[in-house]
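Here are the chains, one letter per residue:
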Amino acid sequence: MHRRIIAPGSLAAASLLLAVPASAATFTPGAPGIGDPYYPAYGNGGYDVSHYDLRLQYQPKTDELEGTATILAKTTQDLSRFDLDFLLDVSEVRVNGVKATFTSSGEHELVVTPKAPLPTGTSVTVVVRYSGVPSTKSAYGFTTWHRTPDGAVAADEPESAWWWFPSNDHPSDKATYDVSVAVPDGTQAISNGTLTSASSKLGWTRYTWRQDKPQATYLATLALGRFDITTSTSEGGVPVLNAYSKDLGANDGAARASVERTGELVDWLSGYFGPYPFSSAGGYVPNTTTGYALETQTRVYYSPKQFAQGSNTSVVVHELAHQWYGDDVSLKDWKDIWINEGFARYAQWLWSEHEGEGTTRELADYVYASHPADDPFWTVKPGDPGADAQFDLAVYDRGALAIEALRHAIGDDAFFALLKGWPKTHAYGNASVADFQRYAEEVSGKPLSSLFDTWLFEPSKPASPATGASLARSAAQVTPPKSWKKIEATNDIHGH
Ligand SMILES: [Zn+2]
């Protein structure tokens, strides 16, 4: 456990620090949002979280969740009070062991006022006790806690934490996690990272999961239900744990035929992106009716619908590519979404080429030719799409097209060095589209602002194809590469 035990001596030292005459007037409330231009109320100001320890109990019959969250953080300003993002009913909050007052505000803010103000740079342990029925809670008119016949799933983007743990809900504040969940015997609890224990007592089984690498809040996941769990190790040595709902029905075979290839696909992607960044890999397929998949860190969420047309390794490649592009290196703000989706889509193109179902060049030419200049597709700027178009098809397809254009401009040697170098350069951190452009210029030695403007920031169709090919044909004359349907089957992803 990462719980910090504060020795009496250091408590005295902390009190002395507090006694230093810092006038109360310098202590101000932390901002209710972290400053994201798309989602001003998401995340919070004034502190930085390093670890979440969640100890939960869940009853699938009633959807009742109760728990204690222990949050380790450090203040980044002189704080008189601070916010967490959360929707369930809170019974008690303690800050460094002392009861704090709290109230809810806005759509999803839990406002905490500690008994004594917190000077900047203070290590803070916040304990929140809570309970509630997550499926009955909504914010902005929606809920992303998805009930299933045998339990529930928390997996959504950009928001899913509010329904199951209090957090600083923004990808720029990553932290490690211990998630321990008690469920009735016969039900399983699936989460991120490594399963460190599962033990039964008095009719309840407690599952304990550890994510020992920094993880964005939207990449934390929890699934409760009746699952079959499989484990293996990839040839490259990555431990794999997958879970399948026992009630997948007709989709069961195709889901397993796809997701059981996780180890092989992680190893294949490592050839492009470098060593797999986490201590475990895998996915889970709950019995949901939602249609999307999500790159929840180390344990990808798949909807059974992804496999309704048969096995689909393309979607598995997409979500696993995010483990490097999105999870290991996370966006700074939500407007940087192209780094996530463009590269995950491009990985599907590379897989298509590997499978002999269409080269990246053929896919790029097809995307370019199949959208005429007056198609609204071209009005979306993948480099800054706006909150409403954050998960628009253009972020994926035009986003991948931009990557093929970059490859064409800088050549294969620089391009593949870039693909592998980016996760290494920003390992476990955050980076923006501007950071990516700078890095691409550094690796290739070429000025790229005009190329980035054309493919990522102009609201119109670029004058010539990404690959430099001559495409005189009309869209109707262009035949989609064989992989096209499988790639597009992953479009129904994200959002709520
Ligand atoms: Zn994606």
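Residues numbered from 1 in each chain as written. Predicted model: local features only at pLDDT ≥ 70, side-chain atom pairs only at ≥ 80, totals over all residues. Heavy atoms only, no water.

Section: the nonpolar core
Line of reasoning, step 1. Of all hydrophobic cores here, the largest spans 145 residues; its most connected members are Trp145, Trp164, Trp338 and Phe436.
Line of reasoning, step 2. The contacts of Trp164, once residues within four sequence positions are left out, are Leu54, Leu56, Leu65, Phe86, Leu88, Tyr130, Trp145, Ala154, Val179, Ala220, Thr221 and Leu222. (Core = buried A, V, L, I, M, F, W, Y, C linked by side-chain atoms within 4.5 Å. Buried < 20%, exposed > 50% of the residue type's maximum accessible area, 1.4 Å probe, protein only. Contact = heavy atoms within 4.5 Å.)

Things to note about the packing of helix H4 (residues 313-321) against helix H5 (residues 337-354)
Line of reasoning, step 1. Contact geometry for H4 and H5: axes closest at 8 Å, N-to-C directions at 140°. If you check the angle between H4 and H5, you find them oblique. Read as a crossing pair, H4 and H5 show a hand that is right-handed. Listed contacts from H5 to Thr313, Ser314, Val315, Val317, His318 and Ala321 of H4 are Glu341, Phe343, Ala344, Arg345, Ala347, Gln348 and Trp351.
Line of reasoning, step 2. When the residues that make up the contact of H4 with H5 are grouped by side-chain class, the tally is seven nonpolar, four polar and two charged. (Axes fitted to C-alpha atoms, helices over the stretch in contact; angles between N-to-C directions. Helix = DSSP H or I, 4+ residues; strand = E, 2+ residues; numbered from the N terminus. Parallel < 35°, antiparallel > 145°, perpendicular 65-115°, else oblique. Left-handed = near helix turned anticlockwise from the far one by under 90°. Nonpolar A, V, L, I, M, F, W, Y, C, P; charged D, E, K, R; others polar.)

Points about the environment of Pro423
Line of reasoning, step 1. Of note, Pro423 is situated in helix H8 (residues 412-425).
Line of reasoning, step 2. For Pro423, a relative accessible area of 4% gives the class buried.
Line of reasoning, step 3. Sequence separation between Pro423 and Phe102 is 321 residues; the distance between their C-alpha atoms is 40 Å.

Here we look at the confidence of the model for the protein chain
Line of reasoning, step 1. Mean pLDDT over the protein chain: 93, with 92% of residues reaching 70 or higher.
Line of reasoning, step 2. Confidence drops under pLDDT 50 across residues 1-17; counting only partners more than four residues distant or on other chains, this segment forms 13 contacts. (pLDDT = per-residue confidence, 0-100.)

A closer look at the packing of aromatic side chains
How two aromatic rings sit relative to each other is set out by the distance from centre to centre and by the angle between their planes.
Line of reasoning, step 1. Across all of its chains, the model carries 43 aromatic pairs by this definition.
Line of reasoning, step 2. Relative to Tyr140, the ring of Tyr42 has its centre 6.4 Å away and its plane inclined at 40°; by these criteria the two rings are tilted. Placement of Tyr42 in the loop between strand E1 (28-29) and strand E2 (47-59) and of Tyr140 in the loop between strand E9 (123-132) and strand E10 (145-148) is noted, with a sequence separation of 98 residues between them.
Line of reasoning, step 3. Between the aromatic rings of Trp422 and Tyr439, the centroid separation amounts to 5.9 Å while the plane-to-plane angle is 50°, which identifies the pairing as tilted. In this pair, Trp422 sits in helix H8 while Tyr439 sits in helix H9 (residues 433-444), placing the two residues 17 residues apart along the sequence. For the residue pair Trp422 and Tyr439, the accessibility class agrees, reading buried in each case.
Line of reasoning, step 4. Taken together, Phe273, Tyr276, Phe278, Trp324, Tyr325, Trp338, Phe343, Trp422, Tyr428, Phe436, Tyr439 and Phe452 form an aromatic cluster joined through their ring pairs. (Phe/Tyr/Trp six-rings, centres within 6.5 Å; stacked < 30°, edge-to-face > 60°.)

Some words on the side chain of Asn312
Line of reasoning, step 1. Topologically, Asn312 is positioned in the loop between strand E20 (300-301) and H4.
Line of reasoning, step 2. A polar contact is formed between the side chain of Asn312 and the backbone nitrogen of Val315, at a distance of 3.3 Å.
Line of reasoning, step 3. What Asn312 contacts, discounting residues up to four positions off in sequence, is Ser258, Gln306, Phe307, Lys486 and Ala489. (Polar contact = N/O pair within 3.5 Å; in protein donor to acceptor, adjacent residues only side chain to side chain.)

Quick look at the sheet that holds strand E3 (residues 64-75)
Strand pairs in the sheet, formed through backbone hydrogen bonds, run parallel or antiparallel to each other.
Line of reasoning, step 1. Taken together, the eight strands give an open sheet; going across it, the order is E6-E5-E9-E3-E2-E12-E15-E14, and neighbouring strands pair in mixed fashion. Bordering the open sheet on either side are strand E6 (98-99) and strand E14 (194-201), each of which pairs with just one other strand.
Line of reasoning, step 2. Direction of pairing for E2 relative to strand E12 (residues 175-184): parallel, over a ladder of seven bridges. When the sheet's bridge partners are listed, Leu54 is paired in E12 with Val179. (Pairing = 2+ DSSP bridges.)

Side note on the environment of Thr289
Line of reasoning, step 1. Structurally, Thr289 is set in the loop between strand E19 (283-285) and E20.
Line of reasoning, step 2. By relative accessible area, Thr289 is classed as exposed at 68%.
Line of reasoning, step 3. Measuring from C-alpha to C-alpha, the distance between Thr289 and Gln309 comes to 15 Å, with 20 residues separating the pair along the chain.

Observations concerning the sheet that holds E10
Line of reasoning, step 1. Spatially, the four strands line up as an open sheet ordered E10-E11-E16-E13, and their pairing is antiparallel. The two strands at the open ends of the sheet, each matched to only one other strand, are E10 and strand E13 (188-190). Across the sheet, the mean angle separating the axes of adjacent strands is 20° when strand polarity is ignored.
Line of reasoning, step 2. Here three bridges tie strand E11 (residues 151-154) to strand E16 (residues 222-225), and the two strands are oriented antiparallel to one another.

With respect to helix H2 (residues 252-259)
Line of reasoning, step 1. Of the residues making up H2, those classed as buried are Ala254, Ala255, Ser258 and Val259. Taken down its axis, H2 places every buried residue within 115° of arc, on the same side.
Line of reasoning, step 2. Buried positions along H2 lie against strand E18 (239-245), helix H3 (262-273), E19 and H4. (Arc of directions from axis to C-beta.)

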